[in-house]
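Structural overview
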Amino acid sequence: MSSNPDHIFRLVLLAGMLVLVPIMAYHRIRSQKTGERLDRGEEGLFILLTLRPIGLSHMAGLILFIVNPALMEWSAMPLLVWLRWTGVVLGIAGGSLFIWTVRTLGPNLTDTVVNRQNHTLVTTGPYGWVRHPFYCAMALSVVANALAAANWFLLATGLVTVALIVRRTRTEEAKLVQRFGASYREYAKRTGRFIPGRLPANQD
């Protein structure tokens, strides 16, 4: 095997995108059938101005690597091949968790902290283990992308995106407490924010 087998990993990353993106798009479109307008300004100005631009920068870098690794050579980092394959394994785990999460959320899926009018409190599936499995999947995926592509720009933009998401969860959970009150507080006691507890919440 070549000491720099970018062609293999760009094909693996492309395959992952071809599987994951249509599934995510389907569930996103399906969740927006209500036609509700969600006020992203409630995230706060700092998150509003930073989260999506940095997240899009990560995705743009990933796409450029897939199109032609030479376009991202300026931010390449030397990694052993087994580490890059570790990234592939993490990517499969993250992608699987993404799919499980959006299927569980159904019409509750949003890309911001605002709840839909008919929002329900989901505590089954991955939400029985942690309160934010979508963000856990995102963390796995950004690390996976950076390792598979052996690229520090993808790692940096991905980690900053995850850090901003973590910060945003405080606002998101405050909105959920406002909406569901004691039910959400009790659910939060039985689950970790990102790290699973000893038992899934829906089995307590």
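Residues numbered from 1 in each chain as written. Predicted model: local features only at pLDDT ≥ 70, side-chain atom pairs only at ≥ 80, totals over all residues. Heavy atoms only, no water.

1. Examining the overall build of the chain
Basically, it comes down to this: Where helices and strands are cited, they refer to DSSP runs of H or I of at least four residues and of E of at least two residues respectively, numbered from the N terminus. When we talk radius of gyration, it's over C-alpha atoms, and the globule rule is simply 2.2 Å times the number of residues to the 0.38. Exposure is judged per residue with a 1.4 Å probe applied to protein chains only, and the accessible area is read against the type maximum: over 50% gives exposed, under 20% gives buried, and values in between give partly exposed. Contacts are assigned to residue pairs that have any heavy atoms within 4.5 Å of one another.
If you tally the helices and strands in the chain, you get 6 helices and 0 strands. Each helix and strand of the chain, placed in order from N terminus to C terminus, yields the pattern α-α-α-α-α-α. Against the globule reference of 17 Å for 204 residues, the chain gives a C-alpha radius of gyration of 18 Å, in line with a compact fold. Considering only C-alpha atoms, the chain reaches an extent of 55 × 35 × 30 Å along its principal axes. The proportion of buried residues among the 204 residues of the chain is 42%. Excluding contacts between residues fewer than 6 apart, the proportion of contacts in the chain whose partners are at least 24 apart in sequence is 83%.

2. Thoughts on a nonpolar patch on the surface
Applied cut-off: Only residues whose relative accessible area exceeds 30% and that form no salt bridge are eligible for patches; like-charged ones are grouped when within 9 Å, while nonpolar side chains (Val, Leu, Ile, Met, Phe, Trp, Tyr) are grouped when within 5 Å. Accessibility throughout is a Shrake-Rupley quantity obtained with a 1.4 Å probe, and a residue counts as covered only by protein chains that appear here. Between Lys or Arg on one side and Asp or Glu on the other, a salt bridge is scored when a side-chain nitrogen of the former is within 4 Å of a carboxyl oxygen of the latter.
Together, I63, L64, V67 and L71 give the surface a local cluster of nonpolar side chains, amounting to about 330 Å² of exposed area. Relative to the helices and strands, L71 is located in the loop between helix 2 (45–67) and helix 3 (81–105).

3. Quick word on the confidence of the model for the chain
Counted only if it meets this: Note: pLDDT gives the predictor's confidence per residue, expressed from 0 to 100.
Of all residues in the chain, 94% have pLDDT values of 70 or greater, and the mean over the chain is 91. Per-element confidence in the chain ranges from a low mean pLDDT of 93 for helix 6 (residues 182–190) to a high of 97 for helix 4 (residues 133–149).

4. Section: the packing of aromatic side chains
Given two aromatic rings, their pairing is described by the distance between the two centres and the angle made by the two planes. What counts here: Think of it this way: a Phe, Tyr or Trp ring, Trp meaning its six-membered ring, pairs with another when their centres are within 6.5 Å, and the plane angle makes it stacked under 30 degrees, edge-to-face over 60, tilted otherwise.
What the rule picks out here adds up to 6 aromatic pairs. Grouping aromatic residues by their ring pairs yields a cluster made of W74, W152 and F153.

5. With respect to the packing of helix 3 against helix 4
Selection rule: Note on geometry: axes are C-alpha line fits, over the in-contact stretch for helices, and angles between N-to-C directions span 0 to 180 degrees. The scheme is simple: roughly parallel for angles under 35 degrees, roughly antiparallel for over 145, roughly perpendicular for 65 to 115, oblique for anything else. In a left-handed crossing the near helix is turned counterclockwise from the far helix by less than a right angle, and in a right-handed crossing that turn is clockwise. Nonpolar residues are Ala, Val, Leu, Ile, Met, Phe, Trp, Tyr, Cys and Pro. Charged residues are Asp, Glu, Lys and Arg, and all others, Gly as well, are polar.
Closest axis-to-axis distance for the helix 3/helix 4 pair is 7 Å, and the angle between their directions is 155 degrees. In this view, helix 3 runs roughly antiparallel relative to helix 4, as classed from their interaxial angle. Of the two possible hands of crossing, helix 3 and helix 4 adopt the one that is left-handed. Among the residues forming the contact of helix 3 with helix 4, the class breakdown is 18 nonpolar, 6 polar and 1 charged.

6. Regarding helix 3
What counts, and what does not: Here, expected helix span is obtained from the residue count minus one, scaled by 1.5 Å.
With 25 residues, helix 3 extends 36 Å between its outermost C-alpha atoms, agreeing within 8% with the 36 Å of an ideal straight helix rising 1.5 Å per residue. For helix 3, every residue scored as buried is listed here: R84, G87, V88, G94, G95, L97, F98, T101, V102 and L105. Those residues of helix 3 that are buried are in contact with helix 1 (6–31), helix 2 and helix 4. Directly after helix 3, the chain includes G106, whose backbone phi takes a positive value near 60 degrees.

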